[in-house]
Amino acid sequence: MSDQTNATSRRGFLQSGTGLAAGAAAAELLPPAALAQPAATNADADLARVQGRRRILLKGGVVLTLDPQVGDFAQADVLIEDGKIREVRPNIAISDETAAVVDAGNRIVLPGFVDTHHHFYQGILRNILTNGLLNPDYNRDVSNTLTAAYRPSDVYAGVLVTALGMIDAGTTTAVDTSQVSHTPEHSDAGIRALQESGLRAVYAYSRGAGAGTKYPQDIARLQQTTFSSSNQLLTLALGGTLDAKIFAVAREAGVPAVSHGVSGNTERTLVELGRMGLLQAGDEYIHCNHLSGIAWRLIRDTGGHVSLAPPIEMAMGHGMPAIQDAIDHGVRPSLSSDVDVTMAQDPFTIMRSTFTLQRLMVLQRIRNGDLKPPALLTCREVLEFATIEGARCALLDRKVGTLTPGKDADIVMLRADRVNVWPLNNAPGVVVNLMNPINVENVFIAGKVKKWRGNLVGIDVARVLRLAQAARDGVLRRADFKVNLLS
Ligand SMILES: [Zn+2]
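The text that follows walks through the structure, step by step, so that each part is easy to find. (Residues numbered from 1 in each chain as written. Predicted model: local features only at pLDDT ≥ 70, side-chain atom pairs only at ≥ 80, totals over all residues. Heavy atoms only, no water.)

Digging into the nonpolar core
No. 1: By size, the foremost hydrophobic cluster in this structure holds 111 residues, and its most contacted members are Ile-108, Ile-128, Met-351 and Val-431.
No. 2: Per-element accounting of this core gives the leading share, 10 residues, to helix H6 (residues 152-168).
No. 3: If near-sequence neighbours (up to four positions away) are discounted, Ile-128 is found in contact with Val-142, Leu-146, Val-341, Leu-476, Phe-481 and Val-483.
No. 4: In this structure, Val-88, Ala-100, Ala-409 and Ile-411 belong to the second largest nonpolar core, which totals 23 residues. (Core = buried A, V, L, I, M, F, W, Y, C linked by side-chain atoms within 4.5 Å. Buried < 20%, exposed > 50% of the residue type's maximum accessible area, 1.4 Å probe, protein only. Helix = DSSP H or I, 4+ residues; strand = E, 2+ residues; numbered from the N terminus. Contact = heavy atoms within 4.5 Å.)

Remarks on unusual backbone geometry
No. 1: A cis geometry characterises the amide bond from Asn-135 onward to Pro-136, with omega recorded as 10 degrees.
No. 2: Counting through the fold element by element, Pro-136 comes out in helix H5 (residues 134-148).
No. 3: In this chain, Trp-422 is followed by Pro-423 through a cis amide linkage whose omega measures 5 degrees.
No. 4: Structurally, the position occupied by Pro-423 is in the loop between strand S14 (411-415) and helix H17 (427-434).
No. 5: One non-glycine residue, Asn-127, lies in the positive phi region at around 60 degrees.
No. 6: Within the secondary structure, Asn-127 is located in the loop between strand S6 (113-118) and H5.
No. 7: Positive phi outside glycine occurs at Arg-453, with the angle close to 50 degrees.
No. 8: What makes Arg-453 partly exposed here is its relative accessible area of 45%.

Some remarks on the sheet that holds strand S8 (residues 200-205)
No. 1: On the basis of which strands lie adjacent, the open sheet formed by 8 strands has the order S6-S7-S8-S9-S10-S11-S12-S13 and parallel pairing. Only two strands of the sheet have a single partner each, and these edge strands are S6 and strand S13 (334-335).
No. 2: Examined bridge by bridge, strand S12 (residues 305-308) and S13 share 2 bridges and lie parallel to one another. Each residue of the ladder has a partner; that of Ser-307, found in S13, is Ser-334.
No. 3: Running over the sheet, helix H14 (residues 347-367) touches S6, strand S7 (171-176) and S13 and is turned about 85 degrees from S6. (Pairing = 2+ DSSP bridges. Axes fitted to C-alpha atoms, helices over the stretch in contact; angles between N-to-C directions.)

Observations regarding the pairing of S14
No. 1: Burial within S14 is extensive, with 4 of its 5 residues counted as buried.
No. 2: Pairing of strand S5 (residues 107-111) with S14, which is carried by 5 bridges, proceeds in the antiparallel orientation. Directly across from Ile-108, in S14, lies its bridge partner Leu-414.
No. 3: Pairing of S14 with strand S15 (residues 440-445) involves 4 bridges; the strand directions are antiparallel. Pairing of Val-412 across the sheet is with Val-443, part of S15.

Some words on the coordination of the zinc ion
No. 1: The coordination sphere of the zinc ion, as far as protein atoms go, consists of His-117 (NE2), His-119 (NE2), His-260 (NE2) and Asp-338 (OD), spread over 2.0 to 2.4 Å.
No. 2: If you look at the zinc ion, its 4 donor atoms make angles of 81 to 171 degrees with each other, and the shape they trace is irregular.
No. 3: Sequence spacing of the donors to the zinc ion: H-x1-H-x140-H-x77-D. Placement of the pair is His-260 in strand S10 (residues 257-263) and Asp-338 in the loop between S13 and H14, with a sequence separation of 78 residues.
No. 4: Look at His-260 and you get buried, because its relative accessible area is 13%.
No. 5: Judged by its relative accessible area of 4%, Asp-338 is buried. (Donors = N, O, S within 2.8 Å, 3.2 Å for Na, K, Ca; no water. Tetrahedral: all angles 85-135°; square planar, octahedral: opposite > 155°, others 65-115°.)

Topic: the pattern of salt bridges
No. 1: Summed over all chains, the structure comprises 30 salt bridges.
No. 2: Close ionic contact of Arg-200 with Asp-408 constitutes a salt bridge, the shortest N to O distance being 3.1 Å. With a gap of 208 residues between them, Arg-200 in strand S8 and Asp-408 in the loop between helix H16 (388-393) and S14 connect regions that are remote in the sequence.
No. 3: Each of Arg-54, Arg-55, Glu-81, Asp-82 and Arg-86 takes part in one network of salt bridges that share partners. (Salt bridge = Lys/Arg side-chain N within 4 Å of Asp/Glu carboxyl O.)

Observations concerning the packing of aromatic side chains
Two descriptors summarise a pair of aromatic rings, namely the distance from one centre to the other and the angle between the planes of the rings.
No. 1: Under the definition given, this model contains 4 aromatic pairs.
No. 2: Arranged with centres 5.0 Å apart and planes meeting at 80 degrees, the rings of Tyr-121 and Tyr-150 form a pair that is edge-to-face. Here the residue Tyr-121 occupies a position in the loop between S6 and H5, and Tyr-150 occupies one in the loop between H5 and H6, the gap between them amounting to 29 residues. No difference in accessibility class separates Tyr-121 from Tyr-150, as the two residues are buried. (Phe/Tyr/Trp six-rings, centres within 6.5 Å; stacked < 30°, edge-to-face > 60°.)

By themselves, these are just geometric observations and shouldn't be taken as functional.
Below, the structure is given as structure tokens:
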């Protein structure tokens, strides 16, 4: 596309729709101050103290460890030491001199949320497909037109704003199901943004488009470079469709396969892969709508994990979310946000959708005369889906997912003393059914404070917003894609 064409389509883009219709135009009109959200800095003495100590004591919170061996507590302390959870119990006696003490009174303290499937690079395209369907809208506009227009710097901006948005909302671990590896430089840009964000992530290296793509063989280079150490927040998987060639590459590389497009329409292929012996324990299967019992048993018996994205699946036409199917076949699902071109990526939205949908389906069965309906999901179970089951799916449950002494300190502190949720009467219930990201006060990842008193730490938020906006503008211009802010 020539500069002349760019200029022309840009004008068309700015003038599209009614009045102030173009997203980029609207954003450009915001005064700089509107984008300059205050970021926490080291000037905050309490923060500096928490950052400067080997030991951090979260004092007097409602603690949901989600580890049945450790139990939950109406009031307890959590001691973090050198980035790991050292102890969880009431009344840990430790002096102010040897630990930074953080008041957790009226806070729910629990493991960070785990999102097992999100296409991070799309962060710059948020809500671009507000009312769209998977087919044809998403496949045409996002997977093809817009994704093809990404440069490495756009991947960097999209991944960074997504990862920071997750931390802001209390998600501490996520699987980036990527899908923008047009060149190795595209892959590297996304990985660099994940590293800079401080999020714990599985990078599921996935396809790209165009002549420059080195998928899937570039996984060998990634293994030898960025992922040569296991002592880091990032781990590697191979993303793809149910394709024997991709599974063979994953098995050769010794990494888990993260599979998209798993549904009743593709399960014959899944069964065939099973017959070929290509499925392994730890593989991840995404969506899984309308699978038969044969496919569910295959996933369960091979040690697979599933990732369900109920809000997106309901809104975009993937089919009925497989919450009950998974439970019925002895598979505890993990949860995921998938894309924010249409729907929120925050864990509260996903948990709430899961809770309400499962209960609706069961209650409708009872209404229709079912005498042996399945059990209604509880908030406590949904919390497990969003934490420990996510950690299992990401193959990180030895490190995170519960507040178990010895695990890494991936912890969120949720404020219960806000007007949207007070008074506090039930801890799992308030998290799953009443809270939203505004209640996320402090976030720790591997014991490092990433969000403090409501603000991201060590992040130049204004820079990230500028980068996201510029990348968005560039992708829209090169794709000649028009957005409409107001309808
Ligand atoms: Zn997806």
